[in-house]
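These are the residues of each chain, in order.
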Amino acid sequence: DVLTSYQLAHLLRDTGDFYSSIFAAADVINATGLLTLDVPPYLGRMRYPAYYIGLVEEQANAYGFDPLLMLSLMRQESFFNPTATSVADALGLTQVIPSTARYIAGELNYPNFEERDLYRPHVGVAFGSFYLDEQLRFFGGNKAAALAAYNAGPGFTLDWVNLSGGDIDSLVATITFAETKLYIERIYSHYTVYRELYGTP
């Protein structure tokens, strides 16, 4: 029922259930038989929303990366669910694992850090932004390498970059973890849609 799904997407968004709202909007778009970029932009933006954009832009501006890249990452990691928890115990909007979060807390001088703090949107966005920026700087601005490092760690990624020469297509072909390959491909797909829907910075 397209109308019901459309109404449900709005209701879920307005009650803060962003995760379910995205899937309800996807149901509407899928029912039309059109691609996300072929439907009215308002509906496309419900499927690819900019929730927490104030927090994201604050961090992106401070570090100097594209906020749409972080939105793409958050959509992949948690579908904007601040209480998301993975089987690997990654937590929050940006799915940071506790050991990495403790390192980040030290780097950011975040006092009295507790794992549950990652469920707070401003903490999740701040910690994820720090870690993404760290990988971008380490890999010379190579977005694909930074995303691979975010998912699989910088150690493995450095080996893949050295083997591939850093070219994006060669890098993805060199990655030995199927999950990491898919992770990069999906975030780049999200990023393309976000740039079309919200404009290229």
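Residues numbered from 1 in each chain as written. Predicted model: local features only at pLDDT ≥ 70, side-chain atom pairs only at ≥ 80, totals over all residues. Heavy atoms only, no water.

(A) Quick look at helix α7 (residues 121-138). Across its 18 residues, α7 extends 26 Å between first and last C-alpha, which sits within 8% of the 26 Å expected from 1.5 Å per residue. Burial within α7 is extensive, with 14 of its 18 residues counted as buried. (Helix = DSSP H or I, 4+ residues; strand = E, 2+ residues; numbered from the N terminus. Expected span 1.5 Å × (residues − 1). Buried < 20%, exposed > 50% of the residue type's maximum accessible area, 1.4 Å probe, protein only.)

(B) Here's a closer look at the packing of aromatic side chains. One pass over the full model with this rule turns up 18 aromatic pairs. Geometrically, the ring pair formed by Phe23 and Phe79 is tilted, given 4.8 Å between the ring centres and 45° between the ring planes. Taken as a pair, Phe23 in helix α2 (residues 18-32) and Phe79 in the loop between α5 (67-78) and α6 (98-107) lie far apart in primary sequence, 56 residues in all. Classification of Phe23 by relative accessible area gives partly exposed; the value is 36%. For the pair Phe138 and Phe139, a centre-to-centre distance of 4.8 Å together with 80° between the ring planes defines the contact as edge-to-face. Phe138 sits in the exposed class, given a relative accessible area of 51%. An aromatic cluster is present here, built from Phe18, Tyr51, Tyr52 and Phe80 joined pairwise through their rings. If you follow Arg45 out to its NZ or CZ, it ends over the ring of Tyr198, 5.4 Å from the centre. Sitting over the face of the ring of Tyr191, Arg195 holds its NZ or CZ atom 5.0 Å from the ring centroid. (Phe/Tyr/Trp six-rings, centres within 6.5 Å; stacked < 30°, edge-to-face > 60°. Lys NZ or Arg CZ within 6 Å of the ring centre and 35° of its normal.)

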